[in-house]
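# Summary of structural features
Residues per chain are reported as follows:
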Amino acid sequence: MIKDRYGQEIFPENSIVVFDTALDYDSELFEDTVGLKLRDFDRVRYASAYEADFGAGADWPAVAYEVLYSLVPFSAIAAAFFLGERIEKSALAWQRMAASLLTCIPKIGFTDANGASLLALEKVFELTESPDIKLLAYTWIDEEILFFDKPDKAKAAFETIAKLDEIEPREQQFGAGLHSPPTFLFKFETSKGVVLAAVRRDKVCLTEL
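As a starting point, this report considers the structure included with it.

Analysis parameters
- Per chain, residue numbering runs from 1 following the sequence as it is written.
- Note on the predicted model: pLDDT of at least 70 is required for a residue's local features to be given, and 80 or more for side-chain atom pairs to be given and counted; whole-chain, interface and lining totals, by contrast, use all residues.
- With hydrogens and water stripped out, all remaining heavy atoms of the structure feed into the side-chain values.
- Between 30 and 60 degrees the pair is tilted, below 30 it is stacked and above 60 it is edge-to-face, where a pair is any two Phe, Tyr or Trp rings, Trp via its six-membered ring, whose centres lie within 6.5 Å.
- Helix and strand definitions follow DSSP, with helices as H or I runs of at least four residues and strands as E runs of at least two, each counted in order from the N terminus.
- Exposed residues in this analysis have more than 50% of their type's maximum accessible area, buried residues have under 20%, and partly exposed residues fall in between, with area computed by a 1.4 Å probe over protein chains only.
- The rule for a charge over a ring is simple: NZ of Lys or CZ of Arg within 6 Å of the ring centre, and within 35 degrees of the ring normal.

Each aromatic ring pair is summarised here by two numbers: the centre-to-centre distance and the angle between the ring planes. Counting across every chain of the model gives twelve aromatic pairs. With 5.0 Å between their ring centres and 40° between their planes, F19 and F110 make a pair best called tilted. Taken together, the residues span a long stretch of sequence, with F19 in strand β1 (residues 17-20) and F110 in strand β5 (residues 109-111) at a distance of 91 residues. For F19, a relative accessible area of 0% translates into the label buried. For F110, a relative accessible area of 1% gives the class buried. Judged by centre distance (5.9 Å) and plane angle (25°), the ring pair of F186 and F188 falls under stacked. Exposure class is identical for F186 and F188. Each is buried. What links up through ring pairs into an aromatic cluster is the set F81, F82, Y138, F186 and F188. Taking NZ or CZ as reference, R43 lies 4.0 Å from the ring centre of F41, over its face.

Next comes the structure, spelled out in structure tokens:
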């Protein structure tokens, strides 16, 4: 569920949303730029656009785009996935949806938890060749704050999700604001054991326990 800084829900919980953060409140062209992004967005990829601000203690403007369901039909799967239900492998479907989503993520931007889960699922199925996958734990972190003094942020992120055994509610997402692109953390049960995934922007990192 994506909310703006005032706690208002922007899009349905199970939709996929991507964020364009190539904006600058201090720019004299800000109003023209954001107006153009909200008015003339790519309707082949996105259903709607909304101005948001995810800054924690300072402004960090973004335009949030809801990805068309017809392009990435993931909503029903997202609902089941975050309830901890087993998700079955369909190599062609996962590859096709993940590839379509990657074309929707702005160059300077990131996706939400649903989009991140899709990218993670595709990579875990590819790695393990498991017939199905179950989510054991999920959370998200702001690396810039949580691991500010950590030299190896990737290792620290995996240590964080490895300790968890519950699926945290998505409505908590970005509630306190962000200082950097969020890192989404997933803990999966597969036929070959437990796999951890960290998704930041459009990059997925995996490790097996």
